[in-house]
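Structural overview
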Amino acid sequence: MQDEYRIGQSIKKLITIFFIVCVFIIVGFYYTYGKDPFLRQIYPLESWWVKQKIKCQQDSLFLENLLDYAVDQQGSLANQIIYLKKDGQSLSCVSGSQVNMDTRFRYASLTKVITAAIFLENEKLNKLNRHDYLKNYVNLIHPKDKRLEKLTLFNLLTHTSGFDRTRSNDPLFNFNQKPWCPYQLEKLNHLQLDHEPNTQYNYDNRNYCLLAVALEKATGQSYKELVENYLEKSGFRNIKLIDGPFLSDEVQYDFRHEMQYFPSYIDEFDFQALQPVAGLSGSAQDYAKLIHYLLYSRNLSLTNGIAEKNCQTKYQQCFSIALKELIVKRGERIYYHTGALPAARSLLVVRENGDIIVWVGSGVPPSSKLTTDDFIHYIYRNLPKSGFNAE
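All figures in this text were calculated on a predicted structure; none of them were measured in a lab. (Residues numbered from 1 in each chain as written. Predicted model: local features only at pLDDT ≥ 70, side-chain atom pairs only at ≥ 80, totals over all residues. Heavy atoms only, no water.)

Before going further, it helps to spend a moment on unusual backbone geometry. The amide bond that connects C181 to the next residue, P182, takes the cis arrangement and shows omega of 15 degrees. Among the secondary structure elements, P182 is positioned in helix α6 (residues 180–183). The backbone phi angle of A108 is positive, close to 55 degrees, even though this residue is not glycine. In this structure, A108 sits in the loop between β4 (105–106) and α4 (111–124). Overall, A108 belongs to the buried group, its relative accessible area being 0%. Not every positive phi belongs to a glycine, and N126 is a case in point at roughly 65 degrees. Here N126 is to be found in the loop between α4 and α5 (153–157). N126 sits in the exposed class, given a relative accessible area of 69%. (Helix = DSSP H or I, 4+ residues; strand = E, 2+ residues; numbered from the N terminus. Buried < 20%, exposed > 50% of the residue type's maximum accessible area, 1.4 Å probe, protein only.)

Bringing the packing of helix α3 (residues 61–73) against helix α11 (residues 372–382) into the picture now. Where α3 contacts α11, the axes come no closer than 11 Å and their chain directions differ by 155 degrees. Between α3 and α11, the angle falls in the class roughly antiparallel. In this structure, α3 crosses over α11, and the sense of that crossing is right-handed. Contacts from F62, N65, L66, Y69 and A70 of α3 reach α11 at D374, F375, Y378, I379 and N382. Within the contact of α3 with α11, the residues separate by chemical class into seven nonpolar, two polar and one charged. (Axes fitted to C-alpha atoms, helices over the stretch in contact; angles between N-to-C directions. Parallel < 35°, antiparallel > 145°, perpendicular 65-115°, else oblique. Left-handed = near helix turned anticlockwise from the far one by under 90°. Contact = heavy atoms within 4.5 Å. Nonpolar A, V, L, I, M, F, W, Y, C, P; charged D, E, K, R; others polar.)

Okay, the packing of α4 against helix α7 (residues 205–219) next. Helices that pack against each other are described as a pair by the angle of their axes relative to one another and the distance between those axes. With their axes 11 Å apart at the nearest point, α4 and α7 run at an angle of 30 degrees to one another. When the axes of α4 and α7 are compared, the crossing they make is left-handed. On α7, the residues touching K112, T115, A116, I118, F119 and N122 of α4 are N205, Y208, L211, L215 and T219.

The seven strands lie next to each other as β1-β3-β2-β10-β9-β8-β7, forming an open sheet whose pairing is antiparallel. The sheet terminates laterally at β1 (55–56) and β7 (324–327), the two strands that pair on one side only. Its contacts with the sheet place α3 against β1, β2 (79–84), β3 (90–95) and β10 (356–361), and it is angled at close to 150 degrees to β2. (Pairing = 2+ DSSP bridges.)

Attention shifts here to the packing of aromatic side chains. Geometry of an aromatic ring pair is reported as the spacing of the ring centres plus the angle between the planes. Here the structure, examined in full by the defined rule, presents 15 aromatic pairs. With a centroid separation of 6.3 Å and 70 degrees between ring planes, the pair formed by F246 and Y265 is classed as edge-to-face. Of this pair, F246 sits in the loop between β5 (240–241) and α9 (271–278) while Y265 sits in the loop between β5 and α9, and the two are 19 residues apart along the sequence. Residue class for F246 comes out partly exposed when judged on its relative accessible area of 30%. The rings of F173, F246, Y253, F255, Y261, Y265, F269 and F271 are connected pair by pair, giving a single aromatic cluster. (Phe/Tyr/Trp six-rings, centres within 6.5 Å; stacked < 30°, edge-to-face > 60°.)

Helix length check: helix α10 (residues 284–297), at 14 residues, gives a terminal C-alpha distance of 19 Å against a target of 20 Å (1.5 Å per residue), a fit within 8%. Among all positions of α10, only A284, D286, Y287, A288, L290, I291, H292, L294 and L295 are buried. Tucked inside the fold, the buried residues of α10 contact β2, α4, α8 (223–234), β6 (280–282), β9 (344–351) and β10. One or two steps after α10, the chain reaches N299, where phi turns positive at roughly 55 degrees. (Expected span 1.5 Å × (residues − 1).)

With 12 residues, α8 extends 16 Å between its outermost C-alpha atoms, agreeing within 8% with the 16 Å of an ideal straight helix rising 1.5 Å per residue. Looking at the buried positions of α8, the neighbouring elements they touch are α4, α7, β5, α9, β6 and α10.

We now examine the environment of V113. Along the chain, the position of V113 falls in helix α4. Look at V113 and you get buried, because its relative accessible area is 0%. With 224 residues separating them along the chain, V113 and H337 place their C-alpha atoms 8.0 Å apart. Here V113 is in contact with Y287, I291, L302, A322, L323, H337 and L348, once residues within four sequence places are set aside.

Further remarks concern the sheet that holds β6. Taken in spatial order, the three strands of this open sheet run β4-β6-β5, and their pairing is antiparallel. Among the strands making up the open sheet, the edge pair consists of β4 and β5. Where β5 lies against β6, two bridges are found, and the strand directions are antiparallel. Each residue of the ladder has a partner; that of L241, found in β6, is L280.

Within a regular strand, the side chains alternate between the two sheet faces. Across the nine residues that make up strand β8 (residues 333–341), a large majority, eight, are buried. The pairing of β7 with β8 spans four bridges and is antiparallel. Its bridge partner being in β8, I327 is matched across the sheet by R333. In terms of strand pairing, β8 meets β9 through eight bridges, oriented antiparallel. By the bridge assignment, A340 is partnered in β9 with R345.

As a further point, take a nonpolar patch on the surface. A surface patch of nonpolar side chains, about 400 Å² in accessible area, is lined by L45, W48 and W49. Along the chain, W49 turns up in helix α2 (residues 35–51). On the basis of relative accessibility, which here comes to 49%, the residue W49 falls in the partly exposed class. (Patch = residues over 30% accessible without salt bridge, like charges linked within 9 Å, V, L, I, M, F, W, Y side chains within 5 Å. Areas by Shrake-Rupley, 256 points an atom, 1.4 Å probe, with all protein chains shown as cover. Salt bridge = Lys/Arg side-chain N within 4 Å of Asp/Glu carboxyl O.)

Quick look at the nonpolar core now. Core analysis: the largest hydrophobic core is formed by 86 residues, its most contacted members being I291, L302 and L348. The greatest single-element share of this core, amounting to eight residues, is contributed by α7. For L348, the contacting residues outside a window of four places in its chain are L110, V113, Y287, I291, L323, Y335, Y336, H337, I356, I357 and V358. Counting residues in hydrophobic clusters, the runner-up holds 24 residues, among them F62, L91, V349 and I357. (Core = buried A, V, L, I, M, F, W, Y, C linked by side-chain atoms within 4.5 Å.)

Listed below in structure tokens is the structure:
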């Protein structure tokens, strides 16, 4: 008995020593390499645990697979996703211990879709028109690039203006530097377009900043007043503009895979300038219901724009008013928009049958080779023919 007792005590000591050594290794790694490298190393373990606890309104293999992908490939532990059918039925799932369907996320560039909707609402009121020239709303005086005089608001809506952020500087995301749009519009006179207008799609934040300038000029209201009044009147009070700091009901973002940004970015960006480009926040459910309202109650043509017969030839990619266009392998047409801010990602999909999918996440893909566009391709490869579940 004494021998068994001694053996038992020795085993307990070995387990204790092993545990202490593991703790020292973990703490040493943490302090040697830093918080983020440590968190990156343990991400696979956290992601496995989070995937075991995905919560859905009802069983949906399709949505659960999408959240598995978001956790594994998009670097996001905290997520919301909703599938809202055209007839109003919905199914939603969340992941993350502190996340429910009311948790607030930053919509990032999904804000542009709402900016386009407000434009269309004011176009209905004859406040402005998509065929108006930009020069009617900004003071162009002998611009260096004469093509600027021919730009229309439709060019801005559909990102066919000739601005290309991969070739020239995007002024809206410069650290600690006041962007020329919307504050110093006279600088337009000295800019050179990157491409011939009306020849190709090039996504660029300057387009929607200038679109908001035109809206403000046409209505006599600030963008903030326009969007807040519209959301209030339409019953979407939970969707709010961001002033910079994280709100009390906002998700905690995971910066471990960010290579450039830190939480302090909220003090370095000009969020007033970003309002029409990436300024809104709320839940996936709020956003999906707003898109449903815009499409089916207000009958706004967010998925119309470029002439379809020119879609595959004249333009490198198709872009409707505010949404990209994609033909899936079995012939279904889908429309989508992605959003990105530091440690925040978002996605809107509108199916040809009218159904809506919205995802919001709180991280960054662990591989620099992956983007939110990869999520789009994963979704359309796995789209169910109808309903919520894969068939």
